[in-house]
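So you can see what is in the structure, the chains are spelled out below.
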Amino acid sequence: MAVLDIRRKLAILADAAKYDASCASSGGEKRDSVGGKGVGSTEGMGICHAYAPDGRCISLLKILLTNFCIYDCAYCINRVSSNTPRARFSVKEVVDLTLNFYKRNYIEGLFLSSGVIQSGDYTMEEMVRIAKSLRLDHDFRGYIHLKLIPEASPELAAQAGLYADRVSINIELPRDDSLKSLAPEKDVGDIKRAMGRMRLAIEDKAEPARKAPRKSFARSQSTQLIVGADEAKDGDILARSASLYGAYRLSRVYYSAFSPIPDASHRLPSARPPLLREHRLYQADWLMRFYGFAQPEIIGQGQDLDLSVDPKTAWALRNRARFPVDVNAADRETLLRVPGLGAKAVDRILLARRQARLTIDDLKRVGAVVKRARAFVVAEGWTPGAATDGEHLKARLVEPAQLSLF
Amino acid sequence: MRVVRLASEIDFDGWRAAARRLRAEGVSPEAIAWTAERDLFSPPPCGEGAGGGGVSAEMADSEPAPPPQPLPTRGRGFTVPTAFVDLAQAVILHRASDRLALLYRLLWRLEREPRLIDNPADPDVARARDMQKAVARAIHKMHAFVRFRLIETDPETYAAWFEPAHRVTEAAAPFFARRFTNMTWTILTPDACVAWDGQTLRVSDGVDPADAPSEDAQEELWRTYYASIFNPARLNEKMMRQEMPKRYWRNLPEARLIPQLIETAQERAAAMVAAAPSPPPDRVLKAALRHARDGAFNGDLPTSLDEVAAAVQVCRRCDLWRDATQAVPGQGPAHAPLMFVGEQPGDQEDLAGQPFVGPAGQVFDAALKEAGVPREQAFVTNAVKHFKHEPRGKRRIHKTPDRGEVTACRWWLDTERRLVRPRVIVALGATAAHAVIGRATPIAANRGRALHLPDQGQAIVTYHPSFLLRLPDADARDRAHAEFVEDLRLAGELAKLIDQGAQ
């Protein structure tokens, strides 16, 4: 095989990594390079150092160690049966690339994933070597996210946790039966067990008693579900997320609209990615995590979300009897359920109304989307009258079609 | 009209000193003109760089700049909320020319409306908050978009040219010092320059774009990365511009690729959609056969506990496996004389794959210790092997398994019983009692004595440890706990794990 130069390898192995939606560099422990020998800091909030024309944040150097893979997952560009060009980085190449990019302030750190070569253990060991070298040889204090290989041994996963800020394992397909048919070598049991062990390890380290002497350990784990590669409905996907959040305390579930890939498998839809659907799923996910909604309230299993309005508005339209809500009197939980009021706006409302009764104009100033909220709220000098129950209300709340959300 | 001239655009101390004096004098906001521009007839403001600062001209004080003092929460006769000081320190960095007047107006109003700052709906506060937000964003974007270039290799020295949206260079600099502590670097901007030598941050006057460092060889690699990580099938120019406004592009080495990436995106995506899949290489077809995995459990009776542990993982006798992490088989010596049967694994057991390791397991362990029964000599399992629960936010709420699930799982429990053949089985709680005895066996009426099992063994039914955890009343809890320990001790004696009457 021809020897590839670093630039060609980077092109292949970044291209192969871009279908992973995760980019977060937040939630690491707070640290900097003061008193150290190397570079790097994480200050809680992640930084997006650039945005690609797809609107996605570029925060980490997101690459694969190699895109050679012994598995044949139909949705994956790197599956063994694909004729995509292949490459493999050496440990040193990844370490140098990360440091060179980091020192120029291009990135927050490294997000390393890999195709599976030889065995899960072999692959995981190589990945751990990279993280270890960055941390120990170079005293690198930036962010590291490692993808876990589910079938790798628990000891290697624990080592990964020792050097990484976050680890993740992608479930990819919301339904177990589709996982079986589209990713025949992936074992959902392996994935869940690995996530379960990781949650225990993270919580174990999180216990204050074990903090001293402080041994850093991954703070969080996440996963990704592909949307639109199988028959799963939005309700099924959200039920899966709810179950994952509960079981493994994931910090995030990423939804990735199935995107056409070069040399796709004939078993998958060849179509434009369902971006709007992905956007609605993120909104619904937010409602579950920050707005006190339970999955069945948002959408039942076997059903899809309404694409024409956001899921909170859809819920409000189905539950009009609960509206209008008085912004000068309602409690936080009730306000959070009003369309057009985000969590920040709600907190500001609670603050502002201690001093004066709030008008519709005040709502605008505290950051509410008044256009969406007005039919659902009562404010000083404002009542929606019959608008809350009007039959054309939904038509007025439909957002103009946008294909390019998220 | 009073004209107040600050030493620099971001001279907070100067503004503060002037504002304090003006408010004390009762000068209303309309009567003041604020400026930081140099007056042709007055000497340039002090020394190099920002900091310090003075009030000059019509303020009529030619005194030197007042030394920085503790923040003016307690000034001459009046106080302001700390939140206002924080707000003012940010807002002064905004480029809007009316920011100083706005701040004074807020300070002026605070006298009559001391809680003004806490009202996000007030127009002045809202505008100041917007400016504060814009400044915070400018700082954040500076942290994100500064691009260092290597200008010297020995010692490694970096420099960057940047144009911040607001006058935030000094405010943004400490971040770089914390992150690149062991590097030598300079950031040049039109407003100010900051330099770090590994020890101290030095601030100097702004410079001209002509002083920008020249291109770095790594930028070609960075552009390669930028182009490759972009997914043309998801083109979303609006989102990109919103987060990476065009004003920053000219100093971002990757930005020059943007027009071409956008132009060819549609075509590239369409080609991927249209392309027919190519046949997989031969080696793959062969490998596929090799990798064919074992099917689900075939239903043969397991002949060892290891086989049970492996086979129960693929059990599909009921639906509980779907939301569970794994099945939790029993644990303990293959021929233990004593077997404990609980209800089902809980949250922690489900993650760890071991029975009784969570909160109920701790109660159980403590009671066993009290009773003198060594857990490691007993076999510990559950009536149902998968965790039944309901997700509730970031938690999973235990749900009692129903009759069908207990019956389906009894196949596994019976297999474990057959392989271990314990002398005594302790059923913990009603679900376990039902599974072990084969019919509903109320705990209160049957605990405290040995029940005979058809297979010659003996059974004891007692409370489930989590029942003890849930009892709200301390007396009831103590009583139940004592009975629980008593039952465990009886079981230990019957199983000959502890001497009769040893206690």
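Please read these numbers as outputs of a predicted model, since none were measured by experiment.

A closer look at the overall build of chain A
Within chain A, the regular secondary structure consists of 15 helices and 10 strands. In terms of C-alpha radius of gyration, chain A reaches 23 Å, essentially the compact-globule figure of 22 Å for 406 residues. Counting only C-alpha atoms, chain A reaches 75 × 55 × 35 Å along its principal axes. Counting the 406 residues in chain A, one finds 56% classified as buried.

Details of the overall build of chain B
Tallying secondary structure elements over chain B gives 17 helices and 14 strands in all. Classification of the 503 residues of chain B by burial places 43% in the buried group. Across chain B, contacts joining residues at least 24 apart in sequence account for 68% of those joining residues at least 6 apart.

Focus: unusual backbone geometry
Cis geometry is found at the peptide bond from phenylalanine 323 of chain A to proline 324 of chain A, where omega equals 0°. Among the structural elements, proline 324 of chain A can be located in the loop between helix H10 (311-318) and strand E9 (325-326). Between aspartate 154 of chain B and the following residue, proline 155 of chain B, the backbone shows a cis peptide bond with an omega angle of 0°. Tracing the backbone through its elements, the reader meets proline 155 of chain B in the loop between strand E3 (149-153) and strand E4 (156-161). Although it is not a glycine, aspartate 139 of chain A adopts a positive phi angle of roughly 50°. Along the chain, aspartate 139 of chain A turns up in the loop between helix H3 (120-137) and strand E5 (143-147). Notably, glutamine 456 of chain B is not glycine yet its phi reads approximately 80°, a positive angle. Within the secondary structure layout, glutamine 456 of chain B lies in the loop between strand E13 (451-452) and strand E14 (458-462). On the neighbour-count criterion, glutamine 456 of chain B (8 C-beta atoms within 10 Å) is exposed.

Here's the deal with the pairing of strand E8 (residues 338-342) of chain B
Residue and element names in this part refer to chain B. Buried residues dominate E8, accounting for five of its five residues. Residues Leu338, Phe340 and Gly342 of E8 are buried on one face, and the alternating residues Met339 and Val341, pointing to the opposite face, are buried as well. Across five bridges, the pairing between E8 and strand E9 (residues 378-382) is parallel. Opposite methionine 339, over in E9, you have phenylalanine 379 as the bridge partner. As paired strands, E8 and strand E12 (residues 424-428) are joined by four bridges and run parallel to one another. Within E12, the residue paired with methionine 339 across the bridge is isoleucine 425.

A word on the domain arrangement of chain B
Domain assignment breaks chain B into domain 1 (2-140), domain 2 (218-274) and domain 3 (332-502). The straight-line distance from the C-alpha centre of domain 2 of chain B to that of domain 3 of chain B is 61 Å.

What to know about the pairing of strand E10 (residues 389-392) of chain B
Consecutive residues of a regular strand have side chains that alternate between opposite faces of the sheet. All names here are of chain B. Burial along E10 is one-sided: His389 and Pro391 are buried, and none of Glu390 and Arg392, which face the opposite way, are. The pairing of E10 with strand E11 (residues 395-398) spans four bridges and is antiparallel. Within E11, the residue paired with glutamate 390 across the bridge is isoleucine 397. Turn length for the E10-E11 hairpin, with the two strands adjacent in sequence and antiparallel, is two residues, and the turn residue glycine 393 shows positive phi of about 60°.

Here we look at the nonpolar core
Judged by nonpolar contacts, the single largest core of 201 residues is most densely connected at Leu13, Ala131 and Ala160 of chain A together with Ile187 of chain B. For this core, the element with the most residues is helix H4 (residues 123-145) of chain B, which contributes nine residues. Residue contacts for leucine 13 of chain A: discarding those within four places in its chain leaves Ile63, Leu64, Asn67, Ala87 and Phe89 of chain A.

Quick look at the packing of helix H13 (residues 403-420) of chain B against helix H14 (residues 430-437) of chain B
All names here are of chain B. For the pair H13 and H14, the least separation of the axes is 10 Å and the interaxial angle reads 60°. Judged by the inter-axis angle, H13 sits oblique to H14. Along this stretch, H13 crosses H14, giving a crossing that reads as right-handed. Contacts between H13 and H14 pair Val406, Arg410 and Leu413 from the former with Thr431, His434 and Ala435 from the latter. Here the contact of H13 with H14 is built from residues that sort into three nonpolar, two polar and one charged.

So, the sheet that holds strand E7 (residues 220-227) of chain A
All names here are of chain A. Across the sheet, which stays open at both edges, the six strands sit in the order E3-E4-E5-E6-E7-E8 with parallel pairing between neighbours. The open sheet has two free edges, formed respectively by strand E3 (60-64) and strand E8 (252-257), since each of these has just one partner strand. Going from strand to strand, the sheet's axes swing by 20° on average, the running direction of each strand aside. Both strand E6 (residues 166-168) and E7 contribute to a ladder of three bridges, which runs parallel. In the sheet register, valine 167 faces E7, and the bridge partner there is glutamine 221. H3 rests against strand E4 (109-113) and E5 of the sheet, and its axis sits at about 170° to E5.

Let's talk about the confidence of the model for chain A
When pLDDT is averaged along chain A, the result is 88; 95% of the residues meet or exceed 70. Counted against residues more than four places away or in other chains, residues 208-214 of chain A, with its pLDDT under 50, gives two contacts.

A word on the interface of chain B and chain A
Each partner contributes residues to the interface: chain B has 71 residues there, and chain A has 76 residues. In terms of residue count, the dominant contributor to the side of chain B that touches chain A is helix H6 (residues 218-229) of chain B (eight residues). Split into classes, the residues belonging to the side of chain B that touches chain A amount to 37 nonpolar, 15 polar and 19 charged.

Some remarks on H14 of chain B
All names here are of chain B. The element H14 is largely enclosed, with a buried count of six among its eight residues. Those residues of H14 lying buried are Thr431, Ala432, Ala433, His434, Ala435 and Val436. Against the buried residues of H14 lie E8, H13, E12, helix H15 (443-446) and E14. A positive backbone phi angle near 95° is found at glycine 438, which sits one or two residues after H14.

Let's talk about the sheet that holds strand E5 (residues 184-188) of chain B
As a general point, the strands of a sheet are linked pairwise by backbone hydrogen bonds and lie either parallel or antiparallel. Residue and element names in this part refer to chain B. Taken in spatial order, the five strands line up as E3-E4-E5-E6-E7 in an open sheet, and their pairing is mixed. Unpaired on one side and paired on the other, E3 and strand E7 (201-205) mark the two borders of the sheet. Ignoring which end each strand starts from, the neighbouring axes of this sheet average 20° apart. Note that E5 and strand E6 (residues 192-196) share four bridges and pair antiparallel. Each bridged residue has a counterpart across the sheet, and for isoleucine 187 the counterpart in E6 is valine 194. Taken strand by strand, helix H5 (residues 169-179) contacts E5, E6 and E7, and its axis lies near 20° from that of E6.

Criteria and thresholds
Residues numbered from 1 in each chain as written. Chains lettered and ligands numbered in written order. Predicted model: local features only at pLDDT ≥ 70, side-chain atom pairs only at ≥ 80, totals over all residues. Helix = DSSP H or I, 4+ residues; strand = E, 2+ residues; numbered from the N terminus. Rg over C-alpha atoms; globule rule 2.2 N^0.38 Å. Buried ≥ 20, exposed ≤ 12 C-beta atoms within 10 Å, placed from the backbone. Contact = placed C-beta atoms within 7 Å. Pairing = 2+ DSSP bridges. Domains from an automatic or database assignment. Core = buried A, V, L, I, M, F, W, Y, C linked by C-beta atoms within 7 Å. Axes fitted to C-alpha atoms, helices over the stretch in contact; angles between N-to-C directions. Parallel < 35°, antiparallel > 145°, perpendicular 65-115°, else oblique. Left-handed = near helix turned anticlockwise from the far one by under 90°. Nonpolar A, V, L, I, M, F, W, Y, C, P; charged D, E, K, R; others polar. pLDDT = per-residue confidence, 0-100.

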